[in-house]
Amino acid sequence: MNGQDLILAIEQNAAAGSFIGAFGGLALALLGAGLAAVLPGIGSAKGTGIAGEAGTGLLCQDPGKFGKVMILQVIPGTQGLYGLVVWFFAIFSMGLLGGELPQMTIAQGCQYLFACLPMALGGLFSAIAQGRVAAGSINILAKKPDDWSKGMVLCITVEFYAILSLLASMLMIINIS
């Protein structure tokens with residue numbers, strides 16, 4: 001047994017006696033992947049709901065604007081999709097799609113957990129913020145229909161930060177070995 005194997009055995013023995021050790025590295029990794037999928041989904045549901053509430057008021061007065069209202073409402077839903085991309089990429093990277101449960105150390109599990117957090121938290125908060133911006137954009141559509149594209153640009157500004165969260169998580173997952 002070389003020095004590296006001995007250190008690994010000591011770490012595993014110490015981890016097995018701890019609360020986190022009982023969960024194992026795979027559980028931590030799955031927690032991270034799950035948060036990357038669920039939190040942006042919650043944010044997207046909230047964001048599209050905020051925009052939808054604003055849109056229903058306008059559609060009661062002018063049903064002809066349904067297409068533009070729907071576009072503005074759907075935009076905060078993209079974060080939920082980004083979260084699913086990170087979830088899928090993480091479980092693929094873990095080797096879960098191969099049909100076997102991989103053995104993973106606590107350290108590796110923590111790496112996946114922390115790699116998924118940018119998308120989890122960035123997706124949650126940016127989707128809600130984007131829903132508010134989309135609701136304001138629907139107000140622009142109601143008062144100045146020709147300027148509704150300005151509201152779209154404002155929504156896309158928030159989208160940029162969701163894309164940065166996606167990129168951060170993806171780059172970190174790629175670099176887990």
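You'll find the structure just up there.
The following refers to the structure shown. What you see is a predicted model, and the numbers here were worked out from it, not measured in a lab. (Residues numbered from 1 in each chain as written. Predicted model: local features only at pLDDT ≥ 70, side-chain atom pairs only at ≥ 80, totals over all residues. Heavy atoms only, no water.)

Regarding the environment of C116
Here is step 1: Mapping C116 onto the fold places it in helix α5 (residues 106-143).
Here is step 2: Sequence separation of C116 and G83 is 33 residues, and the distance between their C-alpha atoms is 8.9 Å.
Here is step 3: What C116 contacts, discounting residues up to four positions off in sequence, is G32, A33, A36, V86, A90, S169 and I173. (Helix = DSSP H or I, 4+ residues; strand = E, 2+ residues; numbered from the N terminus. Contact = heavy atoms within 4.5 Å.)

Here we look at the side chain of E159
Here is step 1: Relative to the elements of secondary structure, E159 occurs in helix α6 (residues 148-174).
Here is step 2: Buried and unpaired, E159 has no salt bridge, with R132 as the nearest side chain of opposite charge at 15 Å.
Here is step 3: At 2.7 Å, the side chain of E159 and the side chain of T78 are in polar contact.
Here is step 4: Polar contacts involving the side chain of E159 include one to the side chain of Q130, which spans 2.9 Å.
Here is step 5: Excluding its chain neighbours within four sequence positions, the residues that come into contact with E159 are I75, T78, Q79, Y82 and Q130. (Buried < 20%, exposed > 50% of the residue type's maximum accessible area, 1.4 Å probe, protein only. Lys, Arg positive; Asp, Glu negative; His and termini not counted. Salt bridge = Lys/Arg side-chain N within 4 Å of Asp/Glu carboxyl O. Polar contact = N/O pair within 3.5 Å; in protein donor to acceptor, adjacent residues only side chain to side chain.)

Focus: the pattern of salt bridges
Here is step 1: Taken as a whole and judged by the stated rule, the model has 2 salt bridges.
Here is step 2: D62 is the partner of K65 in a salt bridge, and the nearest nitrogen-oxygen pair spans 3.1 Å.
Here is step 3: Notably, a salt bridge pairs D147 with K150, separated by 3.8 Å at the nearest N-O pair.
Here is step 4: By relative accessible area, K150 is classed as exposed at 52%.

Let's talk about the side chain of S165
Here is step 1: On the secondary structure map, S165 appears in helix α6.
Here is step 2: Each residue touching S165, except ones within four places of it in the same chain, is listed here: P118, M119 and G122.

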